[in-house]
Amino acid sequence: MNNALFQFAKPANEAVKEYRPGSPERSALEKELEKQSKEVIEIPIIIGGKEVRTGDMGEVVMPHNHKHVVAKYHKVGEKEVNMAIEAALNAKKEWENTPWVERASILARIGQLIATKYRARVNASCMLGQSKNAFQAEIDSACEAIDFFRFNNYYASNLYAEQPSSSPDQLNRTEYRPLEGFVMAVTPFNFTSIASNLNMTPVLMGNTTIWKPSTTALLSNYHLMQIFMEAGLPAGVINFLPGKGSLIGNVALSNPNLAGIHFTGSTATFQGLWKGVGANISNYKSYPRLVGETGGKDFIFAHSSANPREVATAIVRGAFEYQGQKCSAASRAYIPASLWNEIKQHVGEMLSTIKMGDVNDFSNFINAVIDEASFDNCKGYIDRAKASLEAEVVFGGNCDKSVGYFVEPTVILTTNPKYESMEQEIFGPIITIFVYDDKNYVETLELCDSTSPYALTGAIFSYDLQALKIANEKLRYSAGNFYINDKPTGAVVGCQPFGGSRASGTNDKAGGLWNLIRWTNPRSIKETFVPATEYGYPFLAK
Ligand code: NAD
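Computed from a predicted structure; not experimentally measured.

**Examining the overall build of the chain**
Regarding its fold elements, the chain presents 16 helices and 23 strands. Relative to the compact-globule value of 24 Å for 542 residues, the chain shows a C-alpha radius of gyration of 25 Å, a close match. Each of the three principal axes of the chain carries a C-alpha extent, and together these read 85 × 70 × 50 Å. Residue burial in the chain is summarised as follows: out of 542 residues, 57% are buried. In the chain, of all internal contacts separated by at least 6 residues, the share reaching a separation of at least 24 is 78%. Mean positive and mean negative side-chain charge positions of the chain (52 and 56 charges, respectively) differ by 4 Å.

Structure, rendered in structure tokens:
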């Protein structure tokens, strides 16, 4: 039907809406927030395009108002996971034979539906279910999700166009087959766009998935699944499995048709999945592709030539937006003694104006952390810092879970550069600061590089060329996304392809060509026009 050689043009990034009072996007969002706050929706399992109900129920609550239930969901058991694998394998035959432009057009339609008809719906569900303010929801569940759809189609065009050389006597081609089997997408709570994308990159390349959504992101993830189906994604291409991670993981990992895992979440969970694959390795039909983006201990490093106000702003935005629950969030900072007093003063001034509370109140910059376990974890770090001889809480430090899981933006100052909160990922609104002697710049860069097992994001602030050059070298492997005079969060699809190495993941760069390649199994095809009829070569002649 479609016999053209088609190329998706390089798209522009989706423009971020501002949600100023009185704007049309603000009133649409407020209406949707009100509507969703009044409902308790029932979330089924979706297998082969059909809704499945087990009656084994769980609840989705608002983290900022945890007595308020927004959804009840059916949990999968072993039987449903096996049914989903079967459905994914059955759907794959047709999906992989669908011309890639037609697959891509469904994905482009999903992106456009989110950009228009369903923008307010996905943003409101992300705000209520994951406790994001309007701006944080907009840059995630609208803009980044849309960008992933559009940019991946463009990158896929480039990938399919990448072909080997031929000559007058032979035609050489590369066929980009999908992987053999099914892909398991295991998605985190903190980014709705990632939940979408971990399914959609394999799907674009002709694979089918079983999807394990995070139970604390189910509200937005279910709305996504409905949009996928409305856009025409065929039954069984993505199978939606709310439920317990370990149960779903164990069933999937023991299936010989597991072709790959597309994961974002904590380092511990990914390492557990990797070990599970290792334990089953002789049972698989092929080597499963393991693509995982995991934790971080992201840093801001200031040189004495930095501008103190700029560093302070990066600390406040980088550490506290979305309550520090971004894998890229700044959670340790190295500040030269000569700048500390001024930076501290700016940070203090900014924090004194920041409000924390419900997402429905648009004047709140900070909302709640995701659940009680996260709240208790954050409070533990704060309480230990208050009691420590090596640390002091200079700003924030109050926690209250009576209504929602609220942790005040907290700045810890430590005299020990290896203090626990300089090394470990907390995933909350807490940053720890180590003040170094200006003359120890190089040694402190080395300390920054060797302090944590992670290497996801990091930022250097300096206007001294030589200092920047040294930082670039010393921190070469400390971050997969490295920022100069900017906060370490806010990577944009198509501009800063995202991912880190060491304990932070396989660095397959979400939103780039490199990630798509992982979901293909290329076949080289050589066709000879006039085959040889003699076996000998000239060198054999006497
Ligand atoms: P998590 O590891 O707790 O959960 C991630 C997903 O894994 C969830 O869907 C969970 O249900 C599932 N899961 C848990 N155990 C499982 C098992 N045994 N088998 C199969 N699935 C299982 O992570 P989270 O709390 O949702 O997300 C926060 C973490 O994600 C942080 O560590 C953060 O740094 C990381 N993260 C990284 C990136 C990145 O790009 N590097 C992006 C976002 C989040």
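Alright, that's what it looks like, and here's the rest.
**Quick look at the nonpolar core**
Core analysis: the biggest nonpolar cluster contains 68 residues, and Ile-110, Phe-228 and Ile-238 have the highest contact counts within it. With twelve residues, helix α5 (residues 134-161) is the largest single contributor of residues to this core. Setting aside anything within four residues of it in sequence, one finds Ile-110 in contact with Phe-149, Met-200, Ile-227, Phe-228 and Ala-231. Ranked by size, the runner-up nonpolar core spans 33 residues in total, among them Val-316, Ala-333, Ile-343 and Leu-456.

**Here's the deal with unusual backbone geometry**
The phi dihedral of Asn-485 falls on the positive side, at around 55°, and the residue is not glycine. Its location among the elements puts Asn-485 in the loop between β21 (481-484) and β22 (501-502). Classification of Asn-485 by relative accessible area gives partly exposed; the value is 24%. One non-glycine residue, Lys-509, lies in the positive phi region at around 50°. Take Lys-509: it is sitting in the loop between β22 and α16 (513-517). By relative accessible area, which is 13% here, Lys-509 ends up buried.

**As for the sheet that holds strand β17 (residues 410-414)**
Reading across from one edge, β14-β17-β18-β13-β12-β20-β21 is the order of the seven strands in this open sheet, with mixed pairing throughout. Two strands lie at the open edges of the sheet, namely β14 (391-395) and β21, each paired on one side alone. Along the sheet, successive strands turn relative to each other by an average axial angle of 20°, direction set aside. In terms of strand pairing, strand β20 (residues 457-461) meets β21 through four bridges, oriented parallel. Directly across from Thr-457, in β21, lies its bridge partner Asn-481.

**What about the domain arrangement of the chain?**
The assigned domain composition of the chain is domain 1 (24-294 + 505-525) and domain 2 (298-484). If you average the C-alpha positions of domain 1 and of domain 2, the two centres end up 31 Å apart. Around 2,200 Å² of area is buried between domain 1 and domain 2 when both sides are counted, 58% of it from carbon and sulfur atoms. Three residues stand out in domain 1 for area buried against domain 2, namely His-64, His-66 and Phe-189, and they jointly supply 24% of the buried area on that side. Seen at the junction of domain 1 and domain 2, the total is zero salt bridges.

**With respect to the pattern of salt bridges**
Close approach of charged atoms allows side chains with opposite charge to pair. All chains considered together, the criterion is met by 25 salt bridges. The partner of Glu-372 in a salt bridge is Lys-401, with the nearest N and O atoms 2.8 Å apart. Placement of the pair is Glu-372 in helix α12 (residues 372-387) and Lys-401 in the loop between β15 (399-400) and β16 (406-407), with a sequence separation of 29 residues. Judged by its relative accessible area of 38%, Glu-372 is partly exposed. Put simply, Asp-383 and Lys-379 hold a salt bridge, and the shortest N to O gap is 2.9 Å. Of the two residues, Asp-383 and Lys-379 both sit in helix α12, four residues apart, roughly one turn of that helix. Asp-383 sits in the partly exposed class, given a relative accessible area of 33%. Residues joined by salt bridges that share partners form a network here, namely Glu-14, Arg-119, Glu-138 and Arg-150.

**A few points about α5**
One turn of the α-helix equals 3.6 residues, which is why residues spaced by three or four share an orientation. If you check α5, its first and last C-alpha atoms are 39 Å apart, about what 28 residues at 1.5 Å a residue would give, namely 40 Å. The sharpest bend along α5 comes to roughly 30°, located at Cys-143. With respect to burial, α5 is a largely interior element, 23 of its 28 residues being buried.

**Section: a nonpolar patch on the surface**
Together, Tyr-535, Tyr-537, Phe-539 and Leu-540 make up an exposed nonpolar region whose accessible area comes to about 600 Å². With respect to the helices, strands and loops of the structure, Leu-540 is situated in the segment after β23 (520-528).

**Things to note about the sheet that holds strand β4 (residues 57-62)**
Reading across from one edge, β1-β5-β4 is the order of the three strands in this open sheet, with mixed pairing throughout. Either end of the sheet is taken by a strand with one partner, and the two such strands are β1 (41-43) and β4. Adjacent strand axes in the sheet meet at a mean angle of 40°, parallel and antiparallel pairs treated alike. The pairing of β1 with strand β5 (residues 65-74) spans three bridges and is parallel. Counterpart to Ile-43 in the pairing with β5 is Tyr-73. Across the sheet, helix α7 (residues 218-230) lies against β1, β4 and β5, angled at about 75° from β1, the strand it touches most.

Thresholds, definitions, all that
- Residues numbered from 1 in each chain as written.
- Predicted model: local features only at pLDDT ≥ 70, side-chain atom pairs only at ≥ 80, totals over all residues.
- Heavy atoms only, no water.
- Helix = DSSP H or I, 4+ residues; strand = E, 2+ residues; numbered from the N terminus.
- Rg over C-alpha atoms; globule rule 2.2 N^0.38 Å.
- Buried < 20%, exposed > 50% of the residue type's maximum accessible area, 1.4 Å probe, protein only.
- Contact = heavy atoms within 4.5 Å.
- Lys, Arg positive; Asp, Glu negative; His and termini not counted.
- Charge placed at Lys NZ, Arg CZ, Asp CG, Glu CD.
- Core = buried A, V, L, I, M, F, W, Y, C linked by side-chain atoms within 4.5 Å.
- Pairing = 2+ DSSP bridges.
- Axes fitted to C-alpha atoms, helices over the stretch in contact; angles between N-to-C directions.
- Domains from an automatic or database assignment.
- Buried area = accessible area lost by both parts, 1.4 Å probe.
- Salt bridge = Lys/Arg side-chain N within 4 Å of Asp/Glu carboxyl O.
- Expected span 1.5 Å × (residues − 1).
- Bend = angle between axes of the 7 residues up to and from the residue.
- Patch = residues over 30% accessible without salt bridge, like charges linked within 9 Å, V, L, I, M, F, W, Y side chains within 5 Å.
- Areas by Shrake-Rupley, 256 points an atom, 1.4 Å probe, with all protein chains shown as cover.

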